[in-house]
Amino acid sequence: MSRTVYVNGEYVAEEDAKISIFDRGFLMADGVYEVTSVLGGKLIDFEGHSVRLQRSLSELDMAAPVDMDELLAIHRELVKVNEIDDGLVYLQVTRGSDGDRDFVFPDPEKTPSTLVLFTQNKPGITESPASKTGIKVISVEDQRWTRRDIKTVQLLYPSMCKMMAKAAGCQDAWLVEDGKVTEGSSNNAYIVKDGKIITREISNDILNGITRAAVLRFAREAQMIVEERSFTIEEAQQADEAFVTSATTFVLPVVEIDGAQIGDGKPGSVAPRLREIYLEESRKTAI
Ligand code: PDD
């Protein structure tokens, strides 16, 4: 059965969805996105994702295509019509199409932004095998642009990093700049040492993860110590545990970095505990 997707005010079958070849998202990667997970048919951390979307739009002088109440209604409608129990909603806003190719931004009064949403069905997403075994990562030089705080659709380099990881028999890559880990190719990166959770501080160098904010809040509420600072690959390799967070992976243990086993090579106690707390707490506030 084909999915129902949302394109600029309309709900249509995925095979009937159309976007102009002049859309700036297609020509220039001039667009931003959000991924919101769905558990038990409800949206996780929706408010955080919608606040970050507004920030991404405003940093790029891009008009919001609909207000946030409308956005919530669209998310809910897609979850309903596509009967998503566990999965996600992908949302993308681009600067639209002025019917030609030009580096200069079109006048937003004349060129409305494009809004597209679709769902992905992922039954059993919380019980993924990787969450039990952990994943292996490689380190790769961070060659992305330096406004990583804006969630743009420029994902070619992260895709290349995932391919490099795959070629090395790993599942993901941690990006390194000036000797320090910035983040994972599509997630935030953490280590645990002597019970302390260490993750890079928020700046333009990384995406301000919505899952990160929630996980750190829950960790502090559970009296765990959190240190927001950068760390090297060497420090990570000597840590007791490592893990990543994102809307699609929640909290996912990392058990090997560049061939070096972390701890005893199995998920430790902190990451699985944080995963459990995160899932439990976010289900409570899901909408
Ligand atoms: N990625 N850092 C990067 C570079 C990301 O792409 C993501 C999310 C995160 C985590 O952010 P959040 O917790 O808000 O999902 C950090 C999404 C899931 C993706 O591209 O599919």
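Residues numbered from 1 in each chain as written. Predicted model: local features only at pLDDT ≥ 70, side-chain atom pairs only at ≥ 80, totals over all residues. Heavy atoms only, no water.

### Considering the overall build of the protein chain
Consideration 1: Within the protein chain, the secondary structure is distributed over eight helices and 15 strands.
Consideration 2: In summary, the protein chain has a C-alpha radius of gyration of 19 Å against a globular reference of 19 Å for 287 residues, a match within 12%.
Consideration 3: Once the C-alpha set of the protein chain is aligned to its principal axes, its extents read approximately 55 × 40 × 35 Å.
Consideration 4: When burial is assessed residue by residue, the protein chain has 49% of its 287 residues classed as buried.
Consideration 5: A separation threshold of at least 6 residues defines the contact pool for the protein chain, and within that pool the share at least 24 residues apart is 71%.
Consideration 6: Per element, the accessible surface of the protein chain, about 13700 Å² overall, is 51% carbon and sulfur. (Helix = DSSP H or I, 4+ residues; strand = E, 2+ residues; numbered from the N terminus. Rg over C-alpha atoms; globule rule 2.2 N^0.38 Å. Buried < 20%, exposed > 50% of the residue type's maximum accessible area, 1.4 Å probe, protein only. Contact = heavy atoms within 4.5 Å. Areas by Shrake-Rupley, 256 points an atom, 1.4 Å probe, with all protein chains shown as cover.)

### Some points on a nonpolar patch on the surface
Consideration 1: A cluster of nonpolar side chains, namely Ile21, Phe22, Phe26 and Leu27, defines an oily patch on the protein surface of about 400 Å² accessible area.
Consideration 2: Turning to its location among the elements, phenylalanine 26 is positioned in helix H1 (residues 24-28). (Patch = residues over 30% accessible without salt bridge, like charges linked within 9 Å, V, L, I, M, F, W, Y side chains within 5 Å. Salt bridge = Lys/Arg side-chain N within 4 Å of Asp/Glu carboxyl O.)

### Quick word on unusual backbone geometry
Glycine aside, the phi torsion of most residues is negative, and most peptide linkages are trans.
Consideration 1: The residue aspartate 61 is not glycine, and still its phi comes out positive at about 50 degrees.
Consideration 2: Along the chain, aspartate 61 turns up in the loop between helix H2 (46-59) and helix H3 (68-81).
Consideration 3: Look at aspartate 258: it is not a glycine, yet its phi comes out positive at around 50 degrees.
Consideration 4: Accessibility expressed as a relative area gives 36% for aspartate 258, which makes it partly exposed.

### Considering the site of the ligand
Consideration 1: The environment of the ligand is made up of 19 residues, and the closest members are Tyr33, Arg52, Glu183, Thr211 and Ala247.
Consideration 2: Glutamate 183 places a polar side-chain atom, nitrogen or oxygen, 2.6 Å from a nitrogen atom of the ligand.
Consideration 3: Burial of the ligand by the protein chains amounts to 89% of its free accessible area of 470 Å².
Consideration 4: At a threshold of 2 Å from the grid points, most atoms of the ligand map onto the largest pocket.
Consideration 5: Within the residue set of the shell around the ligand, elements represented by two or more residues are strand E3 (31-39), H2, helix H6 (210-221) and strand E13 (241-246).
Consideration 6: Here the residues of the shell around the ligand are counted per class, giving five nonpolar, 10 polar and four charged. (Near = heavy atom within 4 Å. Polar contact = N/O pair within 3.5 Å; in protein donor to acceptor, adjacent residues only side chain to side chain. 1 Å grid on protein atoms, 1.4 Å probe; cavity = no way out; pocket = protein on both sides within 12 Å on 5 of 7 lines; lining within 4 Å. Sits in = over half its atoms within 2 Å of the grid points. Nonpolar A, V, L, I, M, F, W, Y, C, P; charged D, E, K, R; others polar.)

### Looking at the packing of aromatic side chains
Consideration 1: This structure, assessed with the given rule, holds seven aromatic pairs.
Consideration 2: When the centroid spacing of 5.6 Å and the interplanar angle of 25 degrees are considered together, the rings of tyrosine 33 and tyrosine 90 count as stacked. Here tyrosine 90 lies in strand E5 (residues 87-94) and tyrosine 33 lies in strand E3, a separation of 57 residues in the sequence.
Consideration 3: Under the relative-accessibility criterion, tyrosine 90 is labelled buried at 15%.
Consideration 4: Taken together, the ring pairs in this structure connect Tyr33, Tyr90 and Phe118 into an aromatic cluster.
Consideration 5: For the cation-ring pair, arginine 95 lies above phenylalanine 105, with the distance from its terminal atom to the ring centre recorded as 3.3 Å. (Phe/Tyr/Trp six-rings, centres within 6.5 Å; stacked < 30°, edge-to-face > 60°. Lys NZ or Arg CZ within 6 Å of the ring centre and 35° of its normal.)

### Observations regarding the packing of H6 against helix H8 (residues 270-285)
Consideration 1: The contact between H6 and H8 brings their axes to 10 Å, and the two run at 105 degrees. What the angle tells us is that H6 and H8 run roughly perpendicular. For the pair H6 and H8, the contacting residues are Thr211, Ala214, Val215, Phe218 and Ala219 in the first and Leu274, Ile277, Tyr278 and Glu281 in the second.
Consideration 2: Looking at the contact of H6 with H8 residue by residue, the class counts come to seven nonpolar, one polar and one charged. (Axes fitted to C-alpha atoms, helices over the stretch in contact; angles between N-to-C directions. Parallel < 35°, antiparallel > 145°, perpendicular 65-115°, else oblique.)

### Remarks on the domain arrangement of the protein chain
Consideration 1: One can read the domain layout of the protein chain as domain 1 (4-123) and domain 2 (130-285).
Consideration 2: Each of domain 1 and domain 2 was reduced to a C-alpha centroid, and the two centroids are 26 Å apart.
Consideration 3: If you look at the interface, domain 1 gives 21 residues, while domain 2 gives 21 residues.
Consideration 4: When residues of domain 1 are sorted by the area they lose upon contact with domain 2, Tyr33, Leu39 and Arg52 head the list and together hold 33% of the total.
Consideration 5: The tally of links between domain 1 and domain 2 comes to two salt bridges.
Consideration 6: Across the pair arginine 55 and aspartate 149 runs a salt bridge whose closest N-O atoms are separated by 3.0 Å.
Consideration 7: Inspection of the domain 1/domain 2 interface yields seven residue pairs in polar contact (both at pLDDT 80 or more).
Consideration 8: Those elements giving two or more residues to the side of domain 1 that touches domain 2 turn out to be E3, H2 and E5.
Consideration 9: For the side of domain 1 that touches domain 2, the leading source of residues is E3, giving seven residues.
Consideration 10: The residue makeup of the side of domain 1 that touches domain 2, split by class, is nine nonpolar, seven polar and five charged. (Domains from an automatic or database assignment. Buried area = accessible area lost by both parts, 1.4 Å probe.)

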